[in-house]
Amino acid sequence: MVIATSEKERLKNMKHTIINEKLRNIAIIAHVDHGKTTLVDLMFRQSGMFRDNEDIAERVMDRLDLERERGITIAAKNCSVKWNNVKINILDTPGHADFGGEVERALMMVDGAILLVDASEGPLPQTRFVLRKALEGGKKIIVVINKIDRKDARPAEVLDEIYDLFIDLDANEEQIGFPVLYAIAKEGIAKRSLDEKSEDLRPLFETIIEVISGPQYHPQEPFQMLVADLDYSDYLGRLAIGKVFNGSVRSNESLVCIRDGGSIMPLKVTKLQVYEGLKIKEINRAEPGDIIILAGIEDVHIGDTICTKEKPKPLKRVAVDEPTISMLFTINTSPLSGREGKLVQANKIRERLVKETMRNVALQVEEAPDGDSFMVKGRGEFQMAILIETMRREGYELGVGRPKVIYKKESGKILEPIEHLFIDCDENFIGIVTEKLSKRKGRMINLVNHGTGRVRVEFGIPSRGLIGYRSEFLTDTKGTGIMNSYLEGYEEYRGDFPSRVTGSLVSDRAGEAVSYALYNLEPRGTMFIKPGDSVYEGMIVGEHNRGQDLNVNPCKMKKLTNMRAAGKDDGTVLTPVIPLTLEKAIEFIKEDEQVEVTPLSIRLRKLILSTIVRLTNKPEKIPVQGQ
């Protein structure tokens, strides 16, 4: 359970508890593309945080390039607005279960949450995951049904689905009695009923002030702050971000940091800051309940408690769900290593991964004995893909292996993670989807047909069954299917199944791909490269139509004779190559393959590059990927 819950319950049971009525700390929970970031945009504009003539970009909370490109929230972020002299700290939480660590540390800083649900789609899987965490933390929930202006909006039915969801998640009576608002976020309108006339978000602000309690604290307790996030400034160094649970703190005050294990480290606050709008403002004194940023702490980790040295009293550390997926990160050992990236050394990759674990409590990193590879454990392959994409944009070159699930052993039995999978697709595709998932040990749990031509199906399926399935699913549903899942728990191992039925087309030499060779290889399968691309021995240049691997020569030139001009075949028309995305590459590779990631390229390769060694099956050294 999250620290905010236990601490809040403890304070409730103590006498003389005080509520800071000048503050409200809330999180916003929503599935991807349900309008969360748009709603925050309009809350900023209508609360007067921006000047009338200020130039403001859309989706101001999507600060990372990847967030703007993909239209999703990856990292939990803090901001604040003011309404009737009450400061409302808003935490924008990710809507994807793979970023659950971000969700857990964000929820421990708030006292309530806004659940934003699409009026047509209703509550979806990722909404369920984050909402469950909020309810377990005892948070007060405000439900906002958004996009009521959609032609296919069904707010009454969606509200019933939300009630069912709360009951299914074991919400208590107080939590089920949530207030409901209806909104059109893109127009900045919220209202308490569908018939009510409204022109702004005033009903939402008023409901937040009325329903969400201010932070509670005990006046006799010493200063206590739980570190929930970390940042870095070139001028101030390491920054610790967290909520003040009790007491107050001043700039330049001497404090202590209580680490994991109970060790105490002295520190001095060099700068004290709070969030004001999207910006950070320096202050001299912080009050209980506020979310603050402390500078002057060099060695601090998420979950540490910062308190007074006279009365050091630790808070319970944040607890996160265990990782379910592992991936092997290695240095780039291909013949093209070092040509496109500036950070290729093992120690650079190690430093970057360790830095990531400091900011993301859901990630774990273990170094292999050889010193050149690292086992990274996290929540899902999407979380891993985002980390890898971020690293390649920072100039790193590395190799990554196929994702593997992390098994458990209990009473001599092997247990594996099971996902609750939601499929939304056209009813014409339900047959092929069910067939493919059943081969991957999936079991149908529920099927709902609203009579609109689309059906919603639920499966229980091993996490390993979803690795590599997303691209296949999009192909089977002609790009119209929607697939979401969350971790449901662990079950006994369901048995083996083939991960990929096709083989790989592997280059047997180094050189440059030419049109003539690729044209003649096209009947063999789907190509990943185009003429002019550099290739090397052991590089995967395409997907073979058959189940086994095939060694090919993508550099073969057409022999010329005195009867044929050199430029006669320049007009060879090749099938256009769809560029490999990182997610597709990770899903495609098998156990003996690897993705080579550089700032400019994504290539596939065999772990053992030598064709002779692979054919004779007598490798000098086979790289091992651990569980």
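Examining the overall build of the protein chain
For the protein chain, the count of helices and strands is 16 helices and 37 strands. Looking at the protein chain residue by residue over its 627 residues, the buried ones come to 55%. Sequence separation of 24 or more characterises 72% of the internal contacts of the protein chain that already satisfy a separation of 6 or more. Put simply, the protein chain shows about 28,600 Å² of open surface, and 49% of that area lies on carbon and sulfur atoms.

Thoughts on the side chain of Glu221
Along the chain, the position of Glu221 falls in the loop between strand S9 (216-217) and strand S10 (224-233). The buried category is assigned to Glu221, whose relative accessible area is 11%. A distance of 3.1 Å separates a polar atom in the side chain of Glu221 from a polar atom in the side chain of Lys313.

Some thoughts on helix H9 (residues 346-359)
With 14 residues, H9 extends 20 Å between its outermost C-alpha atoms, agreeing within 8% with the 20 Å of an ideal straight helix rising 1.5 Å per residue. Listed in full, the buried residues belonging to H9 are Ala346, Ile349, Arg352, Leu353 and Glu356. The arc enclosing the buried residues of H9, seen along the axis, measures out at 130 degrees, which places them on a common side. On its buried face, H9 is in contact with strand S20 (325-330), strand S21 (364-367), strand S22 (373-378), helix H10 (381-393) and strand S23 (398-400).

Remarks on the nonpolar core
Core analysis: the biggest nonpolar cluster contains 67 residues, and Leu115, Ile141, Ile145, Ile162, Phe166, Ile292 and Ile306 have the highest contact counts within it. Apart from residues lying up to four places away in sequence, Ile292 is in contact with Phe223, Met225, Ala240, Ile241, Gly242, Val244, Val249, Leu272, Gln273, Val274 and Ala286.

A word on the pairing of strand S2 (residues 23-30)
Among the 8 residues of S2, 8 are classified as buried, and the element is accordingly described as predominantly covered. Two elements, S2 and strand S4 (residues 86-92), share 6 bridges in a ladder whose sense is parallel. Note on S4: the bridge partner recorded for Ile28 is Asp92. As paired elements, S2 and strand S5 (residues 112-118) share 5 bridges and run parallel to each other. What sits directly across from Ala27, in S5, is Ala113.

What about the environment of Ala368?
Inspection of the secondary structure assignment puts Ala368 in the loop between S21 and S22. With relative accessibility at 21%, the residue Ala368 sits in the partly exposed group. For Ala368 and Thr330, which are 38 residues apart along the polypeptide, the C-alpha to C-alpha distance reads 9.6 Å.

Re the sheet that holds S10
Overall, antiparallel pairing links the 8 strands, which are arranged S14-S13-S19-S10-S11-S18-S15-S16 in an open sheet. Edge positions in the sheet fall to strand S14 (264-268) and strand S16 (279-282), since each of these pairs with one other strand and no more. Taking each pair of neighbouring strands and ignoring which way they run, the sheet shows an average axis angle of 40 degrees. Here S10 pairs with strand S11 (residues 237-246) via 9 bridges, running antiparallel. Bridge pairing in S11 places Val227 opposite Gly242.

Describing the pairing of strand S30 (residues 503-507)
Among the 5 residues that make up S30, 5 are buried, leaving the element largely enclosed by the rest of the structure. Sheet topology places S30 next to strand S34 (residues 539-544); 4 bridges connect them, and they run antiparallel. Each bridged residue has a counterpart across the sheet, and for Leu505 the counterpart in S34 is Gly542. Two strands pair when backbone bridges link them, and S30 and strand S35 (residues 550-552) are joined in this way by 3 bridges, in the parallel orientation. Within S35, the position partnered with Leu505 by the bridge is Leu550.

Quick notes on the rules
- Residue numbering note: each chain is counted from 1, following its sequence as written.
- Reporting of local features is limited, given that this is a predicted model, to residues whose pLDDT is at least 70; pairs of side-chain atoms are given and counted only at 80 or more, and all residues count toward the totals for whole chains, interfaces and linings.
- Hydrogens and water molecules were not included; the side-chain quantities draw on all heavy atoms of the structure.
- Only DSSP runs of H or I reaching four residues or more are called helices, and only runs of E reaching two or more are called strands; each is numbered from the N terminus.
- Using a 1.4 Å probe on the protein chains alone, a residue whose accessible area is under 20% of its type maximum counts as buried, one over 50% counts as exposed, and one in between counts as partly exposed.
- By definition in these notes, contact holds between two residues if any of their heavy atoms fall within 4.5 Å.
- To be clear on the numbers: accessible area is Shrake-Rupley with a 1.4 Å probe, and residue cover counts the displayed protein chains and nothing else.
- Identification of polar contacts relies on pairs of N or O atoms within 3.5 Å, with a donor-acceptor requirement for protein atoms, meaning one able to donate a hydrogen and the other able to accept it, and with residues adjacent in sequence counted only if both atoms are side-chain atoms.
- Given the number of residues in a helix, its expected span is that number minus one, multiplied by 1.5 Å.
- Directions pointing from the helix axis toward each C-beta atom define the arc.
- Only buried residues count toward a nonpolar core, which is a set of Ala, Val, Leu, Ile, Met, Phe, Trp, Tyr and Cys residues joined through side-chain atoms within 4.5 Å.
- Should DSSP find at least two bridges between two strands, the strands are taken to pair.
- Every axis corresponds to a line fitted to the C-alpha atoms, with the helix fit spanning only the stretch in contact, and the corresponding angles, defined between N-to-C directions, vary from 0 to 180 degrees.

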